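# Overview (structure and organization)
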Amino acid sequence: MVLLVCACTTESPSRPVSAPVQLQVPTLINDSRGEVSATVRAVVDGRTIELDGGERVRISQLAQPADCWAPGARAFAEKWLLAKAVRVSAMTPGEVNLRLEDGTDYALLAVREGILRAQDAAGSLVEAELAAARDDRGLWGAPCNGMDATPSSTATTTTSTAPSQQQPDPSQQAVTTTTPPPPIVTTQPPPPPCAVSYRADNQWQGGFQAQITIRNTGRTPINGWSLSWTFADGQTVRDMWNASASQRGSAVTATAADHNRAIQPGAEASLGFLGSSRGRNTSPDSFTLNGAACTTS
């Protein structure tokens, strides 16, 4: 008997072939914020930089560096930005929002450290600027003291030497007649066309509330007005009502609202505001209305 042995081969079931893994190509765009990664190639000043692509841009929400603090603002920007990776967004012609690699908002950092003032400040930038002013950080301390330029402390003195005069010969002296000068007529300036009263209604640690009243003491109506004054102790205006405020250093200008821009002779207009202070809170002692000095009470 012949025994035949057949070798049978069984095919193993086929395994599904895995699809190739798609590697995500790195991108410069952060989809969640629309930010672009870049490197700062050069620092022009405290708020102007040049990116690695050659674009020169200005960091938004930061005011022009104060003259007396410009070198400090540039040194601060070089420390935090030069040759560093950053993220920029909301790019408009020449202006960007900028965040450091760890997510820190550079504008907020610079304002909080007193390196630059905020431009059109709102929200967290307002609080950051008030904190820097309260602690005398950066330009809020010496030598700027919150001003845009360092006061000049050097006066120029000119010394002139009178030429020597020879003594006249008595024999050659002539008799002269002296005519008295005409009397000096003094013209009294016209009285100021306005009177201003300033009153701090409430004060608390680091802040205060004030009320200002403008009275038309002239003979003609005032149609549109801007009231200006200067704080002596570095106070800043936070919120104003019945007028809009602008401030540069310690100088403040309040511009009339639509409903109180006209002041008839003998009538009054009032405005108020909340402000921040650093210790002393001396009331202003002089005001100008549309460039003319007012009496104060």
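Please refer to the structure placed before this passage.
A brief structural summary. (Residues numbered from 1 in each chain as written. Predicted model: local features only at pLDDT ≥ 70, side-chain atom pairs only at ≥ 80, totals over all residues. Heavy atoms only, no water.)

This paragraph deals with the pattern of salt bridges. Two side chains bearing opposite charge may form a pair once their charged atoms approach each other closely. Inspection of the entire model under this criterion finds 13 salt bridges. In this structure, Arg278 engages Asp136 in a salt bridge whose closest nitrogen and oxygen atoms are separated by 2.4 Å. Remark: Asp136 occurs in the loop between helix 3 (124-134) and strand 7 (194-204) and Arg278 occurs in the loop between strand 15 (268-276) and strand 16 (287-289); sequence separation between them is 142 residues. Judged by relative accessible area, which is 43%, Asp136 ranks as partly exposed. (Salt bridge = Lys/Arg side-chain N within 4 Å of Asp/Glu carboxyl O. Helix = DSSP H or I, 4+ residues; strand = E, 2+ residues; numbered from the N terminus. Buried < 20%, exposed > 50% of the residue type's maximum accessible area, 1.4 Å probe, protein only.)

So, on to unusual backbone geometry. Put simply, Ala142 and Pro143 share a cis peptide bond, and its omega is 0°. Mapped onto the elements of the fold, Pro143 is located in the loop between helix 3 and strand 7. Backbone geometry places Ala83, a non-glycine residue, at a positive phi of 60°. Residue placement: Ala83 occurs in the loop between helix 1 (70-81) and strand 5 (85-92). Among the residues examined, Ala83 registers a relative accessible area of 59% and is labelled exposed.

Geometrically, a pair of aromatic rings is defined through the distance of the ring centres and the angle of the planes. By the definition in use, this model includes 10 aromatic pairs. When the centroid spacing of 5.8 Å and the interplanar angle of 50° are considered together, the rings of Trp229 and Phe287 count as tilted. One end of the pair, Trp229, is in strand 10 (residues 226-230); the other, Phe287, is in strand 16, with 58 residues separating them in the sequence. The class for Phe287 is buried, based on a relative accessible area of 3%. Linked through ring pairs, Tyr198, Phe208, Trp229, Phe231, Phe273 and Phe287 together constitute an aromatic cluster. (Phe/Tyr/Trp six-rings, centres within 6.5 Å; stacked < 30°, edge-to-face > 60°.)

Another aspect to go through is the state of the cysteines. Here the structure, examined in full by the defined rule, presents 2 disulfides. Numbered in order of appearance, the disulfide-bonded cysteines of the chain are paired 1-2, 3-4. (Disulfide = S-S within 2.5 Å.)

Burial analysis of strand 8 (residues 207-216) places 7 of its 10 residues in the buried class, the great majority of the element. As judged from the 10 bridges shared by strand 7 and strand 8, these two strands associate in the antiparallel manner. Each residue of the ladder has a partner; that of Cys194, found in strand 8, is Asn216. Hairpin connection between strand 7 and strand 8: a loop of 2 residues separates the two successive antiparallel strands, and Gly206 in this loop has a positive phi of roughly 85°. In this structure, strand 8 lies alongside strand 15, joined through 9 bridges in antiparallel fashion. The residue bridging Ile212 from the neighbouring strand is Leu271, located in strand 15. (Pairing = 2+ DSSP bridges.)

Okay, helix 3 next. Every buried residue belonging to helix 3 is among Leu125, Ala128, Glu129, Leu130, Ala131, Ala132 and Ala133, and all of these are buried. In this structure, the buried side of helix 3 is in contact with helix 2 (106-112), strand 11 (236-241) and strand 15. Looking one or two places after helix 3, you find Asp136, whose phi comes out positive at around 55°. (Contact = heavy atoms within 4.5 Å.)

Here we have 9 strands laid out as an open sheet, ordered 11-15-8-7-17-16-10-13-12, and mixed in their pairing. Sheet topology places strand 11 and strand 12 (243-248) at the edges, where each strand pairs with a single neighbour. Averaged over all adjacent pairs, the angle separating strand axes in this sheet is 30°, with direction ignored. Bridge analysis of strand 10 against strand 16 gives 2 bridges, and the strand direction is antiparallel. By the bridge assignment for strand 16, Leu227 is matched with Leu289. (Axes fitted to C-alpha atoms, helices over the stretch in contact; angles between N-to-C directions.)

Residue alternation in strand 3 (residues 48-51) divides its side chains into two sets, Thr48 and Glu50 and Ile49 and Leu51, and both sets are buried. Relative to strand 3, strand 2 (residues 35-45) runs antiparallel, the two being bridged by 4 bridges. Counted as the bridge partner of Ala42 is Glu50 from strand 3. As consecutive antiparallel partners, strand 2 and strand 3 are separated by 2 residues. Inspection of the sheet shows strand 3 paired to strand 4 (residues 56-59) by 3 bridges, in the antiparallel sense. By the bridge assignment for strand 4, Thr48 is matched with Arg58.

Interpretation note: all reported values are geometric properties and have no functional meaning in isolation.
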